[in-house]
Every structure is written in structure tokens, then in C-alpha cells.
Amino acid sequence: MIYQKNGISVTFTDGTKFRLDPRTYSPEEINLVSHGHSDHLPTRCHGESVVMSDVTQKLLKLRKRATADILSHASVRPLDAGHVVGSRMFLLEGDQSILYTGDFCTKQKFFSQGAQPVSADVLIVESTFGSEEYVFPETKEVATQIRQCVASCIENDESVIVLAYPFGKAQELTHLLRDYAPFVDDGIYQINDALRSFGYDFRDQLFDAASVTESREPFVLITSGRSTPQGQDGPLRGKRRTLAVSGWAASRGKYFRGVDYAFALSDHADFQDLLRFVDRCSPEVVYTCHGFAKKFARLVHAHLGIDAFPLEKGQHFLSNYA
Ligand SMILES: [Zn+2]
């Protein structure tokens, strides 16, 4: 049985119950947390046991002030999801094999080779960008464009304010622009700092308006934009450009977030990656969740001839598809 409520609930025929990415920790079930984005971390989790990576465990503490032990379970195989540092897909192995992708990305990143498909009877796949217009360039290609854009701004004596989500994009950009020893805002600095203990080497600096003002040199600042630091005077009031990265830039270009430059660098699979991934897992049935869930389910059936349904509230019996 599989249904969406407080995350996704999966029950094996032997009665074993799993709760995938619960909003609230679910006692009496095996809780699995795919990654450390705030909307995937459970509340009311204090000293419990959760199937997750060590990085996600650290972020649970940092972002939700919650503690949990890492649980391993004989029926659960965690796999690299390639979405953000420490992200996992979960292969549940019972009467049937069920692959839950969580948020995932198949493109190569600085921290991952990308999620690899595995064969599964049932696939629960995220469909954030499950619509034809969302096709992104390879990471290497867009990384080169971003570096060239930043280099030309700095050459023109313009500082660059990079808007990025605090966990995920911010680390990719800190890594990508490391030659500039980029400044980062407080929220990003805390996350980078937490990741240093896992061996990630970020050449970042905590933003400090006073030293930036004093140096008068153009600089790179990576910020989530929630609290863009303001200088009293000096370069922050001088020439600067804004740059944003997001999959949504693929359809909205630079109108995305009203910035000077926008690049389609995403932590999610694009439309073609999604279809290819589904095909290679060769499931008997697909459930889609997030974003274009309805549309992508339709397109999976149209392109691949596989039964596909958007995961909605209500119950689906896995035995129907055995
Ligand atoms: Zn995510």
C-alpha cells in the first residue's frame, strides 16, 4: 500500500511500514529522510532513529535543532541521489522492490557523479521539472558560463552578488567561484562550516561589510537574498551585478528574480533526465510527486508506455500492479 500523507507511506505485505520524508517524525514506523533541505527534515524528532546520511543528520541538528541516530535497516538500500551533499534515494526491498528518488539529479556535480538508475518494480519519482520546456545544459557547460560571466564583471570593476539557496546551490557556487575566495552570508557560512567536517574544502569568507568597504576591490558575495548584507558606504554602493542560478531560469531567463544574469543550474533532474531515468529503472508502475506530477505521469505513459500516476492523497495498492 502506498499513499501520500505526512510524506509518503509505504506498507509491505508483511506489515512493515515505512514513512518517506515525513513532515513530522512518525513513531511506530521506519522513518527515512532523503536530504537536508528544510522542507524534507522532520519536526518532533528528538533522539529517535532515522534512515539518513551522516550529512543529513548534521543538517537536522543545524536547521531544526533536532537530534537523531542513524538507523540502518535490512530492507532499505540508500543510494546517492546527486541532489545536494548527503542526499539519498532509497531502494526498499520486500515482495517487490520500490525505488524512492526523493529530490534527485542525474547530472555530474562537484560532489557527485549523479544518481544512477537501478531496476525496481515500483518507482516513486520526483517530477519538479517534468515538463518538456525544462532541459538544462550539462553542469560543466553552465559552470564555464558562470565563471566567464563573473570574470568579466570583476574585470570591469563590478562586484557580483550571487543569489542562491543556502543549502545546495550555495555550496556548488562557493566551490565553483573558489578562486575569488567568495564572501557568503551567515546562513550559508554555517552550512559550509558544518560540511567542512566531512572533508569539503570551501575557500569562503564570512561577509563583513567593513572589510569590503575598506578594500575597495570588486568582490563576489553569495547570499540567499533573505538578508542581503548592506554596506554603510563604499563598494556595496558602487558598481555591482546580480546573478542567480535555478532550473526555473530555463523558462524565465534573466527575468527570474529580476537579476542581471540567470543560469539554468539545477539540483534536480530535467525533463529528459527524468524520462531516461524512468526508462532505465524499467518499473511496472510509476508514481510521480512534486511539480508537474500530473503532466509528467501522462508523459511517462505516452513516451514509455508505463502505467504512471501522480501520487495523491488516498491509497494505491501495490498488489494491483504485481
Ligand atoms: Zn531538495
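Located above this text is the structure these notes cover.
Residues numbered from 1 in each chain as written. Predicted model: local features only at pLDDT ≥ 70, side-chain atom pairs only at ≥ 80, totals over all residues. Heavy atoms only, no water.

### Description of the overall build of the protein
Across its full length, the protein holds eight helices and 19 strands. Scaling as 2.2 N^0.38, a compact globule of 322 residues should have a C-alpha radius of gyration of about 20 Å, and the protein matches this with 21 Å. Principal-axis analysis of the C-alpha atoms gives the protein an extent of 65 × 45 × 30 Å. Contacts spanning at least 24 positions in sequence make up 57% of the contacts within the protein whose residues lie at least 6 apart. Just so you have it, the protein exposes about 14400 Å², and 45% of that area is on carbon and sulfur atoms. Between the averaged position of the 35 positive side-chain charges in the protein and that of its 40 negative side-chain charges there is a distance of 4 Å. (Helix = DSSP H or I, 4+ residues; strand = E, 2+ residues; numbered from the N terminus. Rg over C-alpha atoms; globule rule 2.2 N^0.38 Å. Contact = heavy atoms within 4.5 Å. Areas by Shrake-Rupley, 256 points an atom, 1.4 Å probe, with all protein chains shown as cover. Lys, Arg positive; Asp, Glu negative; His and termini not counted. Charge placed at Lys NZ, Arg CZ, Asp CG, Glu CD.)

### Some remarks on the state of the cysteines
Inspection of every chain in the model, using the stated rule, returns zero disulfides. As a non-bridged cysteine, cysteine 105 has cysteine 281 as the owner of its nearest cysteine sulfur, 15 Å distant. Its relative accessible area of 0% is what places cysteine 105 among the buried residues. (Disulfide = S-S within 2.5 Å. Buried < 20%, exposed > 50% of the residue type's maximum accessible area, 1.4 Å probe, protein only.)

### Structural notes on the sheet that holds strand 7 (residues 76-80)
An order of 7-8-9-10-17-18 is seen for the six strands of this open sheet, with the pairing classed as mixed. The open sheet has two free edges, formed respectively by strand 7 and strand 18 (307-310), since each of these has just one partner strand. Averaged over all neighbouring strand pairs, the angle between strand axes comes to 20°, with direction disregarded. Of the strand pairs in this sheet, strand 7 and strand 8 (residues 88-93) are connected by five bridges, and their pairing is antiparallel. Opposite aspartate 80, over in strand 8, you have arginine 88 as the bridge partner. Against the sheet, helix 7 (residues 271-281) makes contact with strand 8, strand 9 (97-100), strand 10 (122-126) and strand 17 (285-289), and its axis sits at roughly 165° relative to strand 10, the strand it touches most. (Pairing = 2+ DSSP bridges. Axes fitted to C-alpha atoms, helices over the stretch in contact; angles between N-to-C directions.)

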